[in-house]
Amino acid sequence: MKRILLLGASGSIGQQTLDVISSNSEHFELVAFSVGEKVDTVATIIRLHPSVKYICIKHREYIDILQKQNPDIIFFSGDEGLLKIVKKAPYDLVVNALVGFSGFPPTIAALKKKATICLANKESLVVGGEIVNRLLKKGYGKIYPIDSEHVALAKCLSQAKKDQVKKLILTASGGAFRTYRLEQLSDVKAEDALKHPTWQMGAKITIDSATMMNKGFEIIEAHYLFGYGLEDIEVLMHDESHVHSLVKLEDDSFLADISHPDMRLPITYALFEGQTKFECARIKSLKQLDNYHFHDFDAAKYPCVALAKEALKMGGTALAVLNAANEVAVYAFLENRIPFLSIAKIIAKELNYVKVKRQTIRNVITSDRLTRLHLRKVIGN
Ligand code: MG
């Protein structure tokens, strides 16, 4: 029985992780979790998972009432609380399904505890990939990605020898505006972007899909997870989100991972530490391959991908700046304070200012804060 700490239990990945835990209750039990704004989900999670002993909530003011209702559970709150629950709760696996930069310090804290992390928070690898890899190299913990493309790549790479591999190919749906021409993007609104064609996801990652910064982040993620250079990682547009990624071999043949788009598949793969145990996401017949569509990636329409690559080339703290600028810009767009096309422009400007420093925990946190402070002056709160 593996004991699980789930960070970000009320979000889209968090809820699907709870599903996977419940349907594999002979293998996993939830012992600790965190929620953000949706504090009303706490009671339901405790009822369905009576093994829970530690909880972290975002806002302190709810602790007293929750503590009265649940005297046997230990409560924490805020960003400090996230670090405490990682340090104090006893668990075998951490699922980090937090959104944005706030997921990075808990990832580092868990690695320092030599924990096995199922990582849905891709920002941890974006802002701190160099730090994470230094820790992994020294024997601190393990990481299994919860990202459909990277699970696909891991599966394909496990079938090939390193010297056979020519390219990693990340597939991309193109997000909510994939059928729009560049000039139509100037007046799209947040509510239009939130309709993703093939995946149901949280608001932040849905906008990241529409700008394709999500794919930029995934290139960075693939670089740190699998050790391939930028020149070896490509993006291919694929409408149906059934081919989750591909590996091109030296003889120009391809390995691909194909299944229905269902995040419970990569979640299960990560929880079982690299084993495929998920039954219901299989494609029933290869006749469906007839209806798969692939297109070239359009760099002019999606400038965020080039910005992500640029930040990766700069390295160090440039990646924290990339992420912070993206987060601030995406939330400003979600609140209708900036137009869609300004997201990439804001990030490009911030990257222009960067004086790159070595990637240390302190430098990453400082770069994140300074970028947010600066952007608050530029675009307001
Ligand atoms: Mg993905």
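The structure displayed is predicted, hence computed values, not measured ones.

### Observations concerning the pairing of strand S1 (residues 2-7)
Pairing analysis gives six bridges linking S1 to strand S2 (residues 28-35), with the strands arranged parallel. If you follow Lys 2 over to S2, its bridge partner there is Phe 28. Between S1 and its parallel partner S2, the chain crosses via helix H1 (residues 12-23), and the hand of that crossover is right-handed. Both S1 and strand S5 (residues 93-96) contribute to a ladder of four bridges, which runs parallel. Bridged to Leu 6 within S5 is Val 95.

### Digging into the packing of helix H4 (residues 78-88) against helix H5 (residues 104-112)
In helix packing, the relevant descriptors are the interaxial angle and the interaxial distance, both defined with respect to the helix axes. Where H4 contacts H5, the two axes come as close as 9 Å, and the packing angle between them is 20°. Comparing the axis directions of H4 and H5 gives the class roughly parallel. With respect to the hand of their crossing, H4 and H5 are arranged in right-handed fashion. From H4, Leu 82, Leu 83 and Val 86 reach across to H5, where they touch Pro 105, Pro 106, Ala 109 and Ala 110. Here the residues of the contact of H4 with H5 are counted per class, giving seven nonpolar, no polar and no charged.

### A short note on the domain arrangement of the protein chain
If you check the domain split of the protein chain, you get domain 1 (2-145), domain 2 (149-174 + 212-296) and domain 3 (307-380). Relative placement of domain 1 and domain 3: their C-alpha centres are 26 Å apart. Each partner contributes to the interface: domain 1 provides 14 residues, whereas domain 3 provides 16 residues. Between domain 1 and domain 3 the total buried area reaches about 1100 Å² when both faces are included, carbon and sulfur atoms providing 59% of it. The largest share of the area that domain 1 buries against domain 3 comes from Phe 101, Val 127 and Glu 130, three residues that together contribute 45% of it. On the surface where domain 1 and domain 3 come into contact, there are zero salt bridges. Connecting domain 1 to domain 3 are seven residue pairs in polar contact (both at pLDDT 80 or more). Broken down by secondary-structure element, the contributors of at least two residues to the side of domain 1 that touches domain 3 are H5 and helix H6 (123-137). A class-by-class count of the residues in the side of domain 1 that touches domain 3 yields seven nonpolar, three polar and four charged.

How each quantity is defined
Residues numbered from 1 in each chain as written. Predicted model: local features only at pLDDT ≥ 70, side-chain atom pairs only at ≥ 80, totals over all residues. Heavy atoms only, no water. Pairing = 2+ DSSP bridges. Helix = DSSP H or I, 4+ residues; strand = E, 2+ residues; numbered from the N terminus. Right-handed = clockwise from strand over helix to strand, strands pointing away. Axes fitted to C-alpha atoms, helices over the stretch in contact; angles between N-to-C directions. Parallel < 35°, antiparallel > 145°, perpendicular 65-115°, else oblique. Left-handed = near helix turned anticlockwise from the far one by under 90°. Contact = heavy atoms within 4.5 Å. Nonpolar A, V, L, I, M, F, W, Y, C, P; charged D, E, K, R; others polar. Domains from an automatic or database assignment. Buried area = accessible area lost by both parts, 1.4 Å probe. Salt bridge = Lys/Arg side-chain N within 4 Å of Asp/Glu carboxyl O. Polar contact = N/O pair within 3.5 Å; in protein donor to acceptor, adjacent residues only side chain to side chain.

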